[in-house]
Amino acid sequence: MSTSQSYNVLVVDDDYAIRDMLTMFLEEEGFNAVCATNGREAIDLLRSAADQPRVVLLDLNMPVMTGWEFRQEQQHDPAIANVPVAVISADRSIVQQPTIDAEEYFPKPLDLDRLLAFIQQCCD
Amino acid sequence: MQSSDELIAEIQATFGIHNLRSLIEQEPGLLNFFESYRAHVQHQQESTSVEQGASDERQQIAAALQASEARFAATFNQAAVGLSLVAPDGSWLRVNQKLCDIVGYSRDELSTRTFQDLTYPDDLEIDLAYARRVLNNELDQYSLEKRYIHKNGSLIWINLTVSLVRAADGTPDYFISVIEDISERKRAEARLHMLVEASRLFTAKSLHAPDLLDTVAQQIATLLGDVCMISLISDDEQTLKPIASFHRNPEALKLLHTVISDMRLHFGEGLQGRVAQAGQSLLLAEIPDELLRNIRQSAYRPYFEQFGVVSMMIVPIQSSARFLGTMIVARDRNGVSYTQDDVVFATDLADRAALAIENDLLYRDAQQAIHMREVFLSIAAHELRTPLTALLGNAQILERRAMRNGVLTERDQRSLVIIQEQGQRLNTLIETLLDVSRLQLGHFTLSVQLFDFSAFVQRVVDEFGLTLHRHTIHATIAPGIVFKGDEMRMEQVLQNLLTNAVKYSPMGGIVDVRLEQLAEHIRLTITDQGIGIPLNEQSRLFAQFYRASNVDPKRISGLGIGLYLVHEIVAHHGGHVQVESVPEQGSTFRVYLPSETDLPAARLPFSSAQHDTTERG
């Protein structure tokens, strides 16, 4: 994890294999990704970074601080509230009946083509 | 010597008592009585007929008459059943000691009363009606169960047998009544009836835990009065806690509730604790002074001062498997003391209550187990999905890399496609398992919108057709049908039915798909030429995990949840599914969906769903 270099995607997921897969994918597609393993880490990263990322990919069920709690805290802090968030969740019903306010919802397993299109749109 | 049979026959003829034999079987002493009575009557008749004869003879006869009178009086008095001679007007001419015992009056007291005075008013009319018929010669005798009022005011059930003795000229002389006290039997019958009734009630309630014990307490307080309190053992098996109570007086019940609300008894402590430990009933016919002192010093004091307690039973509630709790039954001051008989009855009731409680516990255990299973399934499905996400993600990365660099051979490319296809298939299976648990937990919701159903069916059928080798799809789709529902869920329905049609016709054939707009429904029909479904199994086909018996699981595998999901999804849309099948010829499934506006509002998804903690990200 690095906070010194600038990055454009923040990946928040408690599962190592998913963080690893997403960072590799994003790097190969020309993005800089930084990872957090729970909401607390993500909040700390957002608050300490010189440059805000262009988008946050947010898992929901995580230890320490869940995705829902992260989103609440983020939205109450004007300094970081404007960073767009896309939810990545194994609960497919999140797409149809969102339980959290977000820009976009991607069910797991992820459709990387769709995810890439969304991230590109955020970074334009 | 006459044989007893001959004697009985003769006595029957003399008095017209047809059921003498059964009376004597019940009460052998009666034979002596009737024998002496008959002899006495004979001597009386002889004495009138020889009145004009020699004085010697008269004296002889008078002596015999006196002797038979004495013998008759003795057997009459010593009989173990109540006996009476009653004048046609109902006044008692003669009563024996047993009858006095039964009704609680002395002979003198009875001589100034009639049987009408003692008969319970409700039972008088039928008795009098029978007596009239006997007097009118319509009946020789009668027998009935009726109630007397004891001198102390309580009711006594008796079995009464009445015969009429007529004078030589045929005019009614007096009735002979045999009176048997059957109160015991009647009470046993009533209690048996109550037990049956209580069992029925307890079992009927057994699936509604909160009401069950209240019902038990109420029944028992009503049957055995005045108050019943049920305490159950805690989960740690250390304490007893009052769970349900009932008092016939609502005011007393209110007071009792405030007394016991926080009460907990430790095992082995107090009378209840002792009963709990020993597992044996305790009868306190009268409350010992020491206990009265204890009660006065306990939380029960306000209750006790107002209502008192005269007698008490404490009965364990235990099933064959375990001790469940105790039941206290008590009577307020002025009540009657309990007897050992009451304890037996209370124990019977407690046993039945125990069975109901045990059933209820088992039911709740089972419900808990089902819930655990569904929660587990839900968590497991999500846990499976996480590695699948990494797996499929990496396959997609590999594919993109290969497209950029062009380094994969055609064979590698094919393997990659298979990895992705099979990963998707695994994902669908996981989703299916999740759907089952969502349905079980009541978390299944629809995302409803209006869509072109004809185009939708056409698309799914076209895509499905591409995967077929041995089968041909014939589709007849009426155009322009719109439907308001969850398109993704409906795709599951159609996919499942099409997959089944192919899966259960392993030799190939035609799969016919038809979509029609009926008056009130949209009908989707899928017909195959497969192995079919045995007729007697067609109704169970939509049950969870059910697989028809003509499917060899070694040849055609499956979880048995596809049709369950089809049925549930269609039902959530307010529709229904019908099946028609002939084994070895094929099956037809018809899905009826309500036309656009008919979707019931209750089936719409929640507008503000809370996040579900059982579903993990």
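Residues numbered from 1 in each chain as written. Chains lettered and ligands numbered in written order. Predicted model: local features only at pLDDT ≥ 70, side-chain atom pairs only at ≥ 80, totals over all residues. Heavy atoms only, no water.

For the rest of this paragraph, the subject is the overall build of chain A. Along the backbone of chain A there are 5 helices and 5 strands. Counting helices and strands in the order they occur from the N terminus, chain A gives β-α-β-α-β-α-β-α-β-α. By residue count, 55% of the 124 residues in chain A fall in the buried class. At a minimum sequence separation of 6, the contacts of chain A that also span at least 24 residues come to 65%. With the model as given, the accessible surface of chain A reaches about 5200 Å², and the carbon-plus-sulfur share is 43%. (Helix = DSSP H or I, 4+ residues; strand = E, 2+ residues; numbered from the N terminus. Buried < 20%, exposed > 50% of the residue type's maximum accessible area, 1.4 Å probe, protein only. Contact = heavy atoms within 4.5 Å. Areas by Shrake-Rupley, 256 points an atom, 1.4 Å probe, with all protein chains shown as cover.)

Here we take up the sheet that holds strand S13 (residues 471-477) of chain B. Residue and element names in this part refer to chain B. Taken in spatial order, the 5 strands of this open sheet run S13-S15-S16-S18-S17, and their pairing is mixed. Edge positions in the sheet fall to S13 and strand S17 (576-582), since each of these pairs with one other strand and no more. For this sheet, the mean angle separating the axes of adjacent strands, direction not counted, is 10°. One ladder, built from 6 bridges, connects strand S15 (residues 509-517) with strand S16 (residues 521-527); its direction is antiparallel. (Pairing = 2+ DSSP bridges. Axes fitted to C-alpha atoms, helices over the stretch in contact; angles between N-to-C directions.)

Residues and elements named next belong to chain B. Tallying each qualifying case throughout the model produces 9 aromatic pairs over all chains. When the centroid spacing of 5.5 Å and the interplanar angle of 40° are considered together, the rings of Tyr 303 and Phe 307 count as tilted. On the criterion of helical spacing, the pair formed by Tyr 303 and Phe 307 is a turn pair, its members being 4 residues apart in helix H14 (residues 301-307). Cluster of aromatic residues (ring-pair linked, three or more members): Phe 451, Phe 453, Phe 456 and Phe 483. Residue placement shows Arg 94 over the ring face of Phe 76; its charged tip is 5.7 Å from the ring centre. Positioned above the aromatic ring of Trp 157, the side-chain terminus of Lys 186 is 4.3 Å from the ring centre. (Phe/Tyr/Trp six-rings, centres within 6.5 Å; stacked < 30°, edge-to-face > 60°. Lys NZ or Arg CZ within 6 Å of the ring centre and 35° of its normal.)

This next bit is on the interface of chain B and chain A. Listed per partner, the contact involves 31 residues of chain B and 27 residues of chain A. Regarding the contact of chain B and chain A, the summed buried area is about 2600 Å², with carbon and sulfur atoms giving 54% of it. Where chain B touches chain A, the interface holds 6 salt bridges. The shortest N-O distance in the salt bridge between Arg 400 of chain B and Asp 113 of chain A comes to 2.3 Å. Sorting the residues of the side of chain B that touches chain A by element identifies helix H15 (340-405), helix H16 (410-441) and helix H18 (487-503) of chain B as the ones contributing at least two each. (Buried area = accessible area lost by both parts, 1.4 Å probe. Salt bridge = Lys/Arg side-chain N within 4 Å of Asp/Glu carboxyl O.)

What follows is about the environment of Asn 550 of chain B. Along the chain, the position of Asn 550 of chain B falls in the loop between S16 and helix H19 (562-572). Separated by 16 residues in sequence, Asn 550 of chain B and Pro 534 of chain B place their C-alpha atoms 7.3 Å apart.

Right, let's get into the pairing of strand S3 (residues 141-149) of chain B. Residues and elements named next belong to chain B. In this sheet, strand S4 (residues 155-166) lies alongside S3 in antiparallel orientation, the contact comprising 9 bridges. From the neighbouring strand, Lys 146 faces S4, where its bridge partner is Ile 158. The hairpin formed by S3 and S4 contains 5 residues between the paired strands, and Gly 153 there has a positive phi angle of roughly 95°.

Chain-level statistics for chain A give a pLDDT mean of 89 and a share of 95% at 70 or above. Within the model, the stretch residues 1-5 of chain A combines pLDDT values under 50 with 8 contacts to residues more than four positions away or in other chains. (pLDDT = per-residue confidence, 0-100.)

Time to look at empty space enclosed by the protein. Over the atoms rolls a probe the size of a water molecule, and in doing so it shows where empty space is left. Residue and element names in this part refer to chain B. On inspection of all chains with the given rule, the structure shows 1 cavity of 30 Å³ or more. Taken as a whole, the largest cavity encloses approximately 100 Å³ of empty space. Where the lining of the largest cavity is concerned, the elements lending two or more residues are strand S1 (82-86), helix H8 (121-135), S3, S4 and strand S5 (172-181). Of the residues assigned to the lining of the largest cavity, the class counts are 10 nonpolar, 2 polar and 2 charged. (1 Å grid on protein atoms, 1.4 Å probe; cavity = no way out; pocket = protein on both sides within 12 Å on 5 of 7 lines; lining within 4 Å. Points joined across faces, edges and corners; volume = space filled by probe spheres on them. Nonpolar A, V, L, I, M, F, W, Y, C, P; charged D, E, K, R; others polar.)

Looking now at H16 of chain B. Turn by turn, an α-helix covers 3.6 residues, leaving residues three or four places apart pointing in a common direction. The end-to-end C-alpha distance of H16 of chain B, which contains 32 residues, comes to 46 Å, matching closely the 46 Å that a straight helix rising 1.5 Å per residue would cover. Directly after H16 of chain B, the chain includes Gly 442 of chain B, whose backbone phi takes a positive value near 75°. (Expected span 1.5 Å × (residues − 1).)

Below, the discussion takes up the packing of helix H1 (residues 16-28) of chain A against helix H5 (residues 112-123) of chain A. All names here are of chain A. At their nearest, the axes of H1 and H5 sit 12 Å apart, and the two run at 60° to each other. Taken together, the axis directions place H1 and H5 in an arrangement best described as oblique. Regarding H1 and H5, the two cross each other, and that crossing is right-handed. On the side of H1, the interface is formed by Met 21, Leu 22, Phe 25 and Leu 26, while H5 contributes Leu 112, Leu 115, Leu 116 and Ile 119. (Parallel < 35°, antiparallel > 145°, perpendicular 65-115°, else oblique. Left-handed = near helix turned anticlockwise from the far one by under 90°.)

Now for the pattern of salt bridges. Per the stated rule, a full pass over the model turns up 39 salt bridges over all chains. Between Asp 435 of chain B and Arg 438 of chain B there is a salt bridge, with the nearest N and O atoms lying 2.8 Å from each other. Of this pair, Asp 435 of chain B and Arg 438 of chain B both sit in helix H16, 3 residues apart, roughly one helical turn. Residue classification places Asp 435 of chain B among the buried positions, given a relative accessible area of 0%. Its relative accessible area of 4% is what places Arg 438 of chain B among the buried residues. One salt-bridge network, in which partners are shared between bridges, spans Glu 28, Glu 29 and Asp 113 of chain A together with Arg 400, Arg 401 and Arg 404 of chain B.

Below, the discussion takes up a nonpolar patch on the surface. Residue and element names in this part refer to chain B. Taken together, the side chains of Leu 426, Leu 429 and Leu 559 present a nonpolar region at the surface, about 260 Å² in accessible area. When you line up the elements, Leu 559 lands in the loop between S16 and H19. The class for Leu 559 is partly exposed, based on a relative accessible area of 46%. (Patch = residues over 30% accessible without salt bridge, like charges linked within 9 Å, V, L, I, M, F, W, Y side chains within 5 Å.)

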